[in-house]
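# Observations on the three-dimensional arrangement
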Amino acid sequence: REPLSHARQAISFVADVLSTLRRDRDSSHAWAERFHLSTLLASVCQIAGRDAALNLTVTCPDDLLVYGDRIAIGRVLVNLIANARNAISESGRRKGDIRIIAGTDAGLAVIDVADDGPGVATAVRERIFDAAFTTRAGVGGHGFGLAISRELARRDGGDLWLLADPPGTGATFRLLVPAWRESLTSEHRSESGLSAIHGEASASSVRSAADEDKNRA
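These remarks concern the structure in this document. Every value quoted in this text rests on a predicted model; they were computed, and no experiment measured them.

### Considerations on the environment of Val 113
As for its placement among the helices and strands, Val 113 is situated in strand S5 (residues 108–115). On the accessibility criterion, Val 113 (2% relative accessible area) is buried. For the pair Val 113 and Ile 100, spaced 13 residues apart in sequence, the C-alpha to C-alpha distance is 4.6 Å. Not counting residues up to four positions away in its chain, the partners in contact with Val 113 are Leu 77, Leu 80, Ile 81, Ile 98, Arg 99, Ile 100, Ala 171, Thr 172 and Phe 173.

Structure (structure tokens):
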């Protein structure tokens with residue numbers, strides 16, 4: 001029964017997120033909105049952080065406004081927190097820390113989700129965002145969470161990658177979301193996509209930074 005339950009969970013997760021991707025594609029950014037990141041983080045922590053064994057802390061400026069699909073960004077954050085919680089609990093530890101730290105850089109909101117679990121093994125770092133790749137095959141992992149989370153982030157004009165933490169010191173995932181500025185609404189209506197949203201911090205420069213972090217691992 002357990003493998004069947006895991007399969008059903010995977011199917012449900014993929015169907016739910018694909019509906020978000022389809023909605024985003026069909027609506028031409030009609031679901032994008034301006035909102036306070038701190039408010040979303042508070043809601044996400046209520047959903048994903050209900051665990052007495054975890055110390056979940058959030059550092060985010062109250063006035064940090066972002067622009068994107070609130071539901072999609074929320075799903076990415078919920079997945080990152082769930083992954084951090086699993087990494088801590090499956091390492092055999094009774095308690096652990098998850099830290100969410102948000103700020104801005106080059107027109108983007110930068111959100112780091114860090115845990116003090118065992119970290120990501122060097123051997124799997126290159127595959128961590130591959131669809132259907134999981135290190136939790138026997139305990140409910142389906143291998144689509146990070147792959148779809150990155151796709152959601154990029155469709156919203158941001159990105160997602162794993163930072164180069166030293167081995168054994170936990171894992172930090174960095175999520176980028178467009179910070180709000182007055183011109184974003186009209187830019188989202190254009191056909192220029194990521195390059196228009198990022199401005200000087202283009203999609204290519206963002207991914208180059210990710211590659212640099214990956215090479216340092």
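Further notes follow.
### What about the packing of helix H2 (residues 37–48) against helix H3 (residues 70–89)?
Look at H2 against H3: their axes get within 9 Å of each other, and the N-to-C directions meet at 45°. In terms of orientation, H2 lies oblique with respect to H3. For the element pair H2 and H3, the recorded crossing hand is right-handed. Only Arg 70, Ile 73, Gly 74, Leu 77, Val 78, Ile 81 and Arg 85 of H3 make contact with H2, whose side of the interface consists of Leu 40, Leu 41, Val 44, Ile 47 and Ala 48. Across the contact of H2 with H3, the residue classes break down as 9 nonpolar, 1 polar and 2 charged.

### Structural notes on the nonpolar core
Ranked by size, the top nonpolar core spans 37 residues in total, and within it Leu 37, Leu 77, Ile 111, Leu 160, Phe 173 and Leu 175 carry the most contacts. Sorting the residues of this core by element identifies H2, H3, strand S4 (96–105), S5, helix H5 (145–155), strand S6 (159–162) and strand S7 (172–178) as the ones contributing at least two each. With 8 residues, H3 is the single largest residue contributor to this core. Apart from residues no more than four positions distant in its own chain, Leu 37 is found in contact with Cys 60, Leu 64, Val 66, Ala 102, Ala 109 and Ile 111. In terms of nonpolar packing, the next biggest core, distinct from the first, is built from 5 residues, Val 110, Trp 161, Leu 163 and Leu 176 among them.

### Digging into the side chain of Thr 172
Tracing the chain through its elements places Thr 172 in strand S7. Aside from chain neighbours lying at most four places away, what touches Thr 172 is Asp 112, Val 113, Ala 114, Trp 161, Leu 162, Leu 163 and Asp 165.

### Some thoughts on the environment of Val 58
As for its placement among the helices and strands, Val 58 is situated in strand S2 (residues 54–59). Taking C-alpha positions, Val 58 is 9.9 Å from Asp 112, a pair spaced 54 residues apart along the chain. What Val 58 contacts, discounting residues up to four positions off in sequence, is Leu 41, Cys 45 and Ile 100.

### Concerning H3
Here H3 is 20 residues long and its end C-alpha atoms lie 29 Å apart, about the 28 Å a rise of 1.5 Å per residue gives. By the burial criterion, the buried members of H3 are Ala 72, Ile 73, Gly 74, Val 76, Leu 77, Asn 79, Leu 80, Ile 81, Ala 82, Ala 84, Asn 86 and Ile 88. A distance of 3.1 Å separates the backbone nitrogen of Ile 71 from a side-chain oxygen at the start of H3, and that oxygen is part of Asp 69.

Rules used in this analysis
- Residues numbered from 1 in each chain as written.
- Predicted model: local features only at pLDDT ≥ 70, side-chain atom pairs only at ≥ 80, totals over all residues.
- Heavy atoms only, no water.
- Helix = DSSP H or I, 4+ residues; strand = E, 2+ residues; numbered from the N terminus.
- Buried < 20%, exposed > 50% of the residue type's maximum accessible area, 1.4 Å probe, protein only.
- Contact = heavy atoms within 4.5 Å.
- Axes fitted to C-alpha atoms, helices over the stretch in contact; angles between N-to-C directions.
- Parallel < 35°, antiparallel > 145°, perpendicular 65-115°, else oblique.
- Left-handed = near helix turned anticlockwise from the far one by under 90°.
- Nonpolar A, V, L, I, M, F, W, Y, C, P; charged D, E, K, R; others polar.
- Core = buried A, V, L, I, M, F, W, Y, C linked by side-chain atoms within 4.5 Å.
- Expected span 1.5 Å × (residues − 1).
- Polar contact = N/O pair within 3.5 Å; in protein donor to acceptor, adjacent residues only side chain to side chain.

All quantities given are derived from atomic positions and should not be read as evidence of function.
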